[in-house]
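Residue-level structural notes
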Amino acid sequence: MSQVFEGYERQYCELSANLSRKCTAASLLNGEQKKQKVSEIKAGLDDADALIRKMDLEARSLQPSVKAMLLAKLREYKTDLNNVKNEVKRLTSANTNLAARDDLLESGMADAMTVSADQKTRLLMSTERLNQSSDRIKESRRTMLETEELGVSILQDLHQQRQSLLHANNTLHGVDDNISKSKKILTAISRRMSRNKWIIGSVIAALVFAIILILYFKLAH
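Residues numbered from 1 in each chain as written. Predicted model: local features only at pLDDT ≥ 70, side-chain atom pairs only at ≥ 80, totals over all residues. Heavy atoms only, no water.

**Points about a nonpolar patch on the surface**
Taken together, the side chains of Ile 185, Leu 186, Ile 189 and Met 193 present a nonpolar region at the surface, about 410 Å² in accessible area. Along the chain, Met 193 falls in helix 5 (residues 117-220). Under the relative-accessibility criterion, Met 193 is labelled partly exposed at 49%. (Patch = residues over 30% accessible without salt bridge, like charges linked within 9 Å, V, L, I, M, F, W, Y side chains within 5 Å. Areas by Shrake-Rupley, 256 points an atom, 1.4 Å probe, with all protein chains shown as cover. Salt bridge = Lys/Arg side-chain N within 4 Å of Asp/Glu carboxyl O. Helix = DSSP H or I, 4+ residues; strand = E, 2+ residues; numbered from the N terminus. Buried < 20%, exposed > 50% of the residue type's maximum accessible area, 1.4 Å probe, protein only.)

Listed below in structure tokens is the structure:
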């Protein structure tokens with residue numbers, strides 16, 4: 001397993017456990033203390049999201065066998081993080097409801113029932129602007145995720161190209177080794193043929209000399 005992934009994983013597990021404890025503590029608080037605790041949890045969620053993205057990028061850059069195992073583990077972490085986010089939404093909703101109730105109590109139920117049409121219009125406009133802002137934030141987040149996915153895809157392609165180049169390089173080395181061995185074999189054969197030629201020539205010369213010597217002795221006697 002990648003040491004880089006393990007480092008991110010340790011950080012995430014510690015952060016997730018800390019966020020769970022803070023959620024439990026926030027559920028027991030009220031007012032400003034609860035708001036402050038929820039703010040701390042949201043900041044921790046941003047860090048957890050960043051760690052999840054880093055683990056995802058690191059896992060996708062590894063070998064397929066290791067990548068599959070790490071991505072399965074990463075899906076569990078994402079589910080765990082979504083559970084924490086849902087708990088934060090529940091806390092925020094409860095906190096918002098309490099704040100709204102306090103505001104109504106402070107302003108008085110009579111004033112709330114006699115809100116003018118103009119105030120209602122301004123309230124609706126404010127709500128619409130908030131919804132538009134929320135939509136823009138969601139769109140920006142979607143664009144960021146698409147860009148991140150594109151980056152992951154490019155990283156995978158580069159990794160595959162690197163593996164192909166390494167394989168081609170190894171093949172070329174193997175061809176060079178075979179050519180060198182073939183050259184050595186041909187050189188040895190050539191030397192052996194030259195040596196055999198000299199041996200055959202020497203034998204023929206010796207035979208010719210022996211025949212000449214025999215004829216000489218026969219003719220002399």
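**Observations concerning the pattern of salt bridges**
Under the defined criterion, the tally for this structure stands at seven salt bridges. In this structure, the salt-bridge partner of Glu 32 is Lys 35, at a minimum N-O distance of 3.7 Å. Of the two residues, Glu 32 and Lys 35 are both situated in helix 2 (residues 31-60); the distance of three residues between them amounts to about one turn of the helix. Accessibility expressed as a relative area gives 58% for Glu 32, which makes it exposed. Asp 56 is the salt-bridge partner of Arg 60, the closest N and O atoms lying 3.0 Å from each other. Taken together, the positions of Arg 60 and Asp 56, both in helix 2 and four residues apart, correspond to about one turn of that helix. The network of salt bridges with common partners includes Lys 22, Lys 37 and Glu 40.

**With respect to the environment of Tyr 77**
Here Tyr 77 is to be found in helix 3 (residues 64-107). Note on Tyr 77: relative accessible area 13%, which makes it buried. With 65 residues separating them along the chain, Tyr 77 and Tyr 12 place their C-alpha atoms 8.5 Å apart. Non-local contacts of Tyr 77, meaning those with residues more than four positions away in its chain, are made with Glu 9, Tyr 12, Cys 13, Ile 52 and Met 55. (Contact = heavy atoms within 4.5 Å.)

**Let's talk about the environment of Gln 156**
Secondary-structure assignment places Gln 156 in helix 5. By relative accessible area, which is 22% here, Gln 156 ends up partly exposed. Taking the C-alpha atoms as reference, Gln 156 lies 9.5 Å from Leu 57; in sequence the two are 99 residues apart. Residue contacts for Gln 156: discarding those within four places in its chain leaves Arg 60 and Lys 67.

**So, the packing of aromatic side chains**
Aromatic rings considered in pairs are described by the distance between their centres and by the relative angle of their planes. A full pass over the atoms with the stated rule returns two aromatic pairs. With 5.1 Å between their ring centres and 45° between their planes, Tyr 12 and Tyr 77 make a pair best called tilted. A residue pair is termed long-range when its members are at least 10 positions apart, and Tyr 12 in helix 1 (residues 3-26) and Tyr 77 in helix 3 qualify at 65 residues. Here Tyr 12 falls in the buried class, since its relative accessible area comes to 1%. (Phe/Tyr/Trp six-rings, centres within 6.5 Å; stacked < 30°, edge-to-face > 60°.)

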